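Here is what each chain is made of, one letter per residue.
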Amino acid sequence: MKSYYDLIKDNLIEFDKALLDNYHLIGLSETECLVLLRLHQQKTKENNILNTDNLIKRLSISSEKFTEIIGELVSRNFVELKLDLDDNQVYTERYFLDGAYHQLGYIFEAQETKDEDNAISIEMKQTMQYLEKQLSKMLTPLEVNIVKKWFYDYKYPTSLINEEIDKVLKRKMKSVSIIDRSLYARTKETLDKEDVSKAKDLFKKLYG
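From a predicted model like this one, the values you see are computed outputs, not experimental measurements.

### Details of the overall build of the protein
No. 1: Secondary structure assignment for the protein yields nine helices and two strands.
No. 2: Start at the N end of the protein and walk to the C end: the helices and strands fall as α-α-α-α-α-β-β-α-α-α-α.
No. 3: Here the protein, with 208 residues, has 32% of them falling under the buried criterion.
No. 4: If you sum the accessible surface of the protein, you get close to 13,600 Å²; carbon and sulfur atoms cover 52% of it.

### Thoughts on the packing of aromatic side chains
No. 1: All told, the structure shown has four aromatic pairs when counted by the stated rule.
No. 2: Three or more aromatic residues joined by ring pairs form one cluster here, namely Tyr5, Phe15 and Tyr101.
No. 3: Between Lys82 and the ring centre of Phe96, over which it is positioned, the NZ or CZ distance is 5.4 Å.

### What about a nonpolar patch on the surface?
No. 1: Side chains of Leu83, Leu85 and Tyr91 sit close together on the surface and give an oily, nonpolar patch of about 350 Å² of accessible area.
No. 2: With respect to the helices and strands, Leu85 occurs in strand β1 (residues 80–85).

### Here we look at the side chain of Glu32
No. 1: Looking at the secondary structure, you find Glu32 in helix α3 (residues 30–45).
No. 2: A distance of 3.2 Å separates the side chain of Glu32 from the side chain of Arg76, its partner in a polar contact.
No. 3: Non-local contacts of Glu32, meaning those with residues more than four positions away in its chain, are made with Gly27, Ile69, Glu72, Leu73 and Arg76.

### A look at the confidence of the model for the protein
No. 1: The predicted model of the protein has a mean per-residue pLDDT of 85, with 90% of residues at 70 or higher.
No. 2: Per-element averaging of pLDDT across the protein places helix α9 (residues 176–207) at the bottom with 64 and helix α2 (residues 15–22) at the top with 95.
No. 3: Here residues 191–196 is a poorly scored stretch, pLDDT under 50, and it has zero contacts once near neighbours within four places are set aside; other chains count.

### Notes on a negative patch on the surface
No. 1: A contiguous patch of negative charge on the surface is contributed by Glu109, Glu112, Asp115, Glu116 and Asp117.
No. 2: Mapping Asp115 onto the fold places it in helix α6 (residues 98–135).
No. 3: Judged by relative accessible area, Asp115 falls into the partly exposed class, the value being 42%.

### Observations concerning unusual backbone geometry
No. 1: A positive phi is found at Ser60, a non-glycine position, where the angle reads about 60°.
No. 2: Looking at the secondary structure, you find Ser60 in the loop between α4 (52–59) and α5 (63–75).
No. 3: In this structure Ser60 comes out as exposed when scored by relative accessible area, which is 66%.

### Comments concerning the environment of Ser136
No. 1: Note that Ser136 resides in the loop between α6 and α7 (141–152).
No. 2: You can call Ser136 exposed: its relative accessible area is 63%.
No. 3: Once the C-alpha coordinates of Ser136 and Lys174 are considered, the two residues, 38 residues apart in sequence, prove to be 9.5 Å apart.

### Digging into the nonpolar core
No. 1: Leu19, Leu36 and Leu39 are the most contacted members of the largest nonpolar core, which totals 31 residues.
No. 2: For this core, the secondary structure elements donating two or more residues are α1 (4–9), α2, α3, α4, α5 and α6.
No. 3: Sorting elements by how many residues they give to this core places α3 first, with five residues.
No. 4: Not counting the four nearest positions on each side in its chain, Leu39 is found in contact with Leu50, Leu55, Ile70, Val79, Tyr95 and Leu97.
No. 5: Ranked by size, the runner-up nonpolar core spans 18 residues in total, among them Leu135, Leu139, Ile161 and Leu169.

### Quick look at the environment of Val74
No. 1: Summarising the element assignment, Val74 is placed in helix α5.
No. 2: Its relative accessible area of 29% is what places Val74 among the partly exposed residues.
No. 3: For Val74 and Leu97, which are 23 residues apart along the polypeptide, the C-alpha to C-alpha distance reads 9.7 Å.
No. 4: Among residues more than four places away in sequence, those in contact with Val74 are Val79 and Leu81.

Criteria and thresholds
Residues numbered from 1 in each chain as written. Predicted model: local features only at pLDDT ≥ 70, side-chain atom pairs only at ≥ 80, totals over all residues. Heavy atoms only, no water. Helix = DSSP H or I, 4+ residues; strand = E, 2+ residues; numbered from the N terminus. Buried < 20%, exposed > 50% of the residue type's maximum accessible area, 1.4 Å probe, protein only. Areas by Shrake-Rupley, 256 points an atom, 1.4 Å probe, with all protein chains shown as cover. Phe/Tyr/Trp six-rings, centres within 6.5 Å; stacked < 30°, edge-to-face > 60°. Lys NZ or Arg CZ within 6 Å of the ring centre and 35° of its normal. Patch = residues over 30% accessible without salt bridge, like charges linked within 9 Å, V, L, I, M, F, W, Y side chains within 5 Å. Salt bridge = Lys/Arg side-chain N within 4 Å of Asp/Glu carboxyl O. Polar contact = N/O pair within 3.5 Å; in protein donor to acceptor, adjacent residues only side chain to side chain. Contact = heavy atoms within 4.5 Å. pLDDT = per-residue confidence, 0-100. Lys, Arg positive; Asp, Glu negative; His and termini not counted. Charge placed at Lys NZ, Arg CZ, Asp CG, Glu CD. Core = buried A, V, L, I, M, F, W, Y, C linked by side-chain atoms within 4.5 Å.

Here it is, written out as structure tokens:
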């Protein structure tokens, strides 16, 4: 799967919309946002050549203000400027927006992580409610911390957690700590089997 940086650079995620929706989150002013938009729109037409006069006309700002904003965007790694020397020994100033793509990509990645955390939080709350119903009591602070570790520290699959809860409760063992030990034993058994399988594969590679 492509990274968000690649998706934005290839415009599979529309750069203009992504920037307009999130410019304040990456610390840009409205004017800086507008300059970046114009740079991006001109990029393909001008082959990354920094056509200052054309940009200033479209932005309706002074050349001094434009120079100031470009300098700020460069210093904050939103824009990179390079001088290219052609076959006629003529220098051409080009610009690249990879820094801006990265900054917007971080916003999308953070949102994705937030969405994942929210989903885990909902599943964890549902598990706690189910346990309290089955145990006919409120979970203690210690038991709450144990359940949190299942989801956030050990990252047990929710299906495995639910399976072990039901298995332990069917044995009339109404204890979170017993469920915790059962989960540990189950996952350790899986890891041990994986280690044995890897060892067998390695033995075959070494000795045929």
